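Chain by chain, the residues run as shown.
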Amino acid sequence: ATGKMSSSGQRHFYLETQTTYARPAADGLVVSTSCQVFDWAQQTLSTTLKIPASKIVVENVRVGGAYGGKAMYYAPVCVAACVAALRTKCPVLVQIDRSSDFLSLGGRCPYEATWSTEFDETGKITQLSQDVLENAGYNEKGAQTATSINCYDIPNAHLNCKNVITNTPVNCWMRAPGDFEGAIIMEASMEQVARLVDLDPVLVQEKNMAAGMQFVWRALKDQVCYDTTLAQVKQFNAENRYRKRGIYCMGSRYKMSPSNWKEKCWVRVHADGSVELEHTGIEVGQGLDTKAVQACAMEFQRLAPNFSMQDVQVVQPKSTSSFTWSGITGTYGSCTSEAVVSAVLDACKKLSQELEAYRRPSWHSLVEAACDAGLDLRQCGETSISAAAQYDLFNAGCAQVEIDVLTGETEVLAFDIVYDCGKSLNPAVDVGQIEGCIVQALGFSLLEEETRSAVDGRMVNCGTWDYKVPSGFDIPVRLNVTLLPAGDKLAP
């Protein structure tokens, strides 16, 4: 069988558009910018402005949403603000509006995909060939690799992705770049095979599923009572002419390599027992600071059970004046929280070893005794994750949807997802992130579409009036997220 599909791309639609506030300092610049990678920003400004990096301080408190769009796209706005600040010798704020953001910057790469499959009567795929043509924009740096077999075990799979240069803004990372598109392309192939062999897609998926996916898949089917729900869907469709329902399950595999990330932190304990925590991760709304504080509290509670998260203060703003950011991994790729927590635990464990000899019933009395003995209660920590600590994240989702066949009106009645994230440090934060991913994926699938001029490639629907992201009535009526318990009982 052969098939094809295409996508016009997707915009990041971060809450805060690209923003920089630059102000001249005594002999350099202090730059507050919505950037995911401080080292890149400092080096870019140093090279462009011909100023030593030591005279440029890059800082921010938090970034108002990113999804990968502020890893590189901070640069045009950041450099423009700094040039103006140096020229006028006055503070300069540059924040582009939504239309300018859409017109001048790219997003998730548009693509055209074709595939061919060979399979038997049970739906087992014996050969797969994928060819994807991806629009990188005007520079090859916007290229991704949008091919994948996702969570399936497909023998003789040949995946080929080529990128083309066009007269459109350069595209860039956006939430699981390449993996997301590849998973959708693979799933379209899987659904096509199921239709051709006239089987429920679930049966075909299970025939081709990788071994690591089985556990979450079974948990999802149990959670949604799949067989019963499928029978109800068929009964509804038999009884209704103009409204129809559908149910579909899909798995996902995302490879994690946290050992490739490097983060640093400082932990300082003051005489009154308060703790100052400074780390190199950028808060972009993913709850990074909350997890770092929790890790600190978890370690110190081993010494003093009455230690509280309220005793910890995260230093703001994050700044290149505090660390040598060279070699620090930017905040992207879903591994930063894990890497920062590792660095925090490293610093806190060093302090705990120093404080062990001064154990007291309470944290404050313990710190007081250590300070009286002349201890300098501060430690630096670095990410320490074994190179062997690479793993796959498996999850599975099930959507139940109702459509009006006359108008095309669509309602997502329910979405269930089972997620195997190991031992969650903060389930509330992680569930929120998963819910956000689901809604963003629904926007890609049902609502968001880039329309470009055939004359000059300009984006035509460059604002909220024409480019639609999910609203309150577009999210699932029922949204259930389940985090599987960690398999390793000894996990930290």
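Right, let's walk through the structure included here. Here the structure is a predicted model, which is why all the values come from computation and not from measurement.

Turning to the packing of helix α8 (residues 288-300) against helix α9 (residues 336-355), a few remarks are in order. Two elements in contact, α8 and α9, have axes whose closest approach is 9 Å; the angle formed by their N-to-C orientations is 30°. With respect to α9, the element α8 is oriented roughly parallel. Of the two elements, α8 crosses α9, and the hand of that crossing is right-handed. Contacts between α8 and α9 involve Leu288, Lys291, Ala292, Ala295, Cys296, Met298, Glu299 and Phe300 on the former and, on the latter, Thr336, Ser337, Val340, Val341, Val344, Leu345, Cys348, Lys349, Leu351 and Ser352. Here the contact of α8 with α9 is built from residues that sort into 12 nonpolar, three polar and three charged.

All right, on to the sheet that holds strand β8 (residues 157-165) then. If you trace the four strands from one edge of the open sheet to the other, you get β1-β6-β7-β8, paired in mixed fashion. Looking at which strands have only one partner, the edges of the open sheet turn out to be β1 (2-7) and β8. With strand direction ignored, the average angle separating the axes of adjacent strands in the sheet is 15°. Sheet topology note: the β1/strand β6 (residues 111-119) ladder contains six bridges and is antiparallel. The residue bridging glycine 3 from the neighbouring strand is tryptophan 115, located in β6. Running at roughly 40° to β6, helix α4 (residues 179-196) makes contact with β1, β6 and β7 (125-137) of the sheet.

Scanning all chains against the criterion turns up 19 salt bridges. The closest approach of N and O atoms between arginine 245 and glutamate 402, which form a salt bridge, is 2.7 Å. One end of the pair, arginine 245, is in strand β9 (residues 243-256); the other, glutamate 402, is in strand β15 (residues 391-404), with 157 residues separating them in the sequence. Look at arginine 245 and you get partly exposed, because its relative accessible area is 33%. Note on glutamate 402: relative accessible area 7%, which makes it buried.

Moving on, we come to the sheet that holds strand β11 (residues 275-279). The strand order across the open sheet formed by four strands is β12-β11-β10-β14, and the pairing between neighbours is mixed. Here the strands that pair on one side only, and so sit at the sheet edges, are β12 (312-314) and β14 (378-382). Neighbouring strand axes in the sheet, compared pairwise and without regard to direction, differ in orientation by 20° on average. Contacting β10 (264-269), β11 and β12, α8 runs over the sheet at an angle of about 130° to β11.

Moving on, we get to the side chain of lysine 264. Assignment of secondary structure puts lysine 264 in strand β10. For lysine 264, which is buried and forms no salt bridge, the nearest opposite charge comes from glutamate 382, at a distance of 4.7 Å. Reaching out from lysine 264, the side chain makes a polar contact with the backbone oxygen of threonine 324 at a distance of 3.4 Å. Ignoring sequence-local partners within four residues, the contact set of lysine 264 consists of Glu278, His279, Thr280, Phe323, Thr324, Ile328, Ala343, Gly381 and Glu382.

Moving on: the state of the cysteines. All chains considered together, the criterion is met by zero disulfides. Here cysteine 78 is not cross-linked by a disulfide; its sulfur's nearest cysteine counterpart is in cysteine 82, at 4.5 Å. When its relative accessible area of 1% is taken as the criterion, cysteine 78 is described as buried.

We now examine unusual backbone geometry. Cis geometry is adopted by the peptide bond preceding proline 317, which originates at glutamine 316 and carries an omega value of -5°. One non-glycine residue, arginine 175, lies in positive phi territory at about 25°. On the secondary structure map, arginine 175 appears in the loop between β8 and α4. Assessed through its relative accessible area of 22%, arginine 175 is described here as partly exposed. One non-glycine residue, serine 334, lies in the positive phi region at around 70°. Along the chain, serine 334 turns up in the loop between β13 (318-319) and α9.

Cut-offs used in this document
Residue indices begin from 1 for each chain and proceed along its sequence in written order. For a predicted model such as this one, the threshold for reporting local features is a pLDDT of at least 70, and the threshold for listing and counting side-chain atom pairs is 80 or more; totals across whole chains, interfaces and linings nevertheless cover every residue. Side-chain metrics rest on all non-hydrogen atoms present in the structure, leaving aside hydrogens and water. Fitted lines through C-alpha atoms give the axes, limited to the stretch in contact for helices. The angle between two N-to-C directions lies from 0 to 180 degrees. Only DSSP runs of H or I covering at least 4 residues are called helices, and only runs of E covering at least 2 are called strands; the numbering of each starts at the N terminus. Roughly parallel here means an angle under 35 degrees, roughly antiparallel means over 145, roughly perpendicular means 65 to 115, and every remaining angle is called oblique. Should the near helix be turned anticlockwise from the far one by less than a right angle, the crossing is left-handed, and should it be turned clockwise, the crossing is right-handed. Note on definitions: a residue-residue contact is assigned when non-hydrogen atoms from the two residues lie within 4.5 Å. Throughout this entry, Asp, Glu, Lys and Arg are counted as charged residues, while Ala, Val, Leu, Ile, Met, Phe, Trp, Tyr, Cys and Pro are counted as nonpolar. The remaining residues, Gly among them, count as polar. Strands are labelled as partners when DSSP assigns at least two bridges between them. In what follows, salt bridge is the name for a side-chain nitrogen of Lys or Arg lying within 4 Å of a carboxyl oxygen of Asp or Glu. Burial here depends on accessible area, computed with a 1.4 Å probe over protein chains only, as a share of the maximum for the residue type. Under 20% is buried, over 50% is exposed, and the range in between is partly exposed. Counted as positive: Lys and Arg. Counted as negative: Asp and Glu, with His and the chain ends omitted from the count. Definition of a polar contact: a pair of N or O atoms within 3.5 Å, with one able to donate and the other able to accept a hydrogen when the atoms are protein atoms, and with sequence-neighbouring residues admitted only if both atoms are side-chain atoms. The rule for a disulfide is simple: a pair of cysteine sulfur atoms within 2.5 Å.

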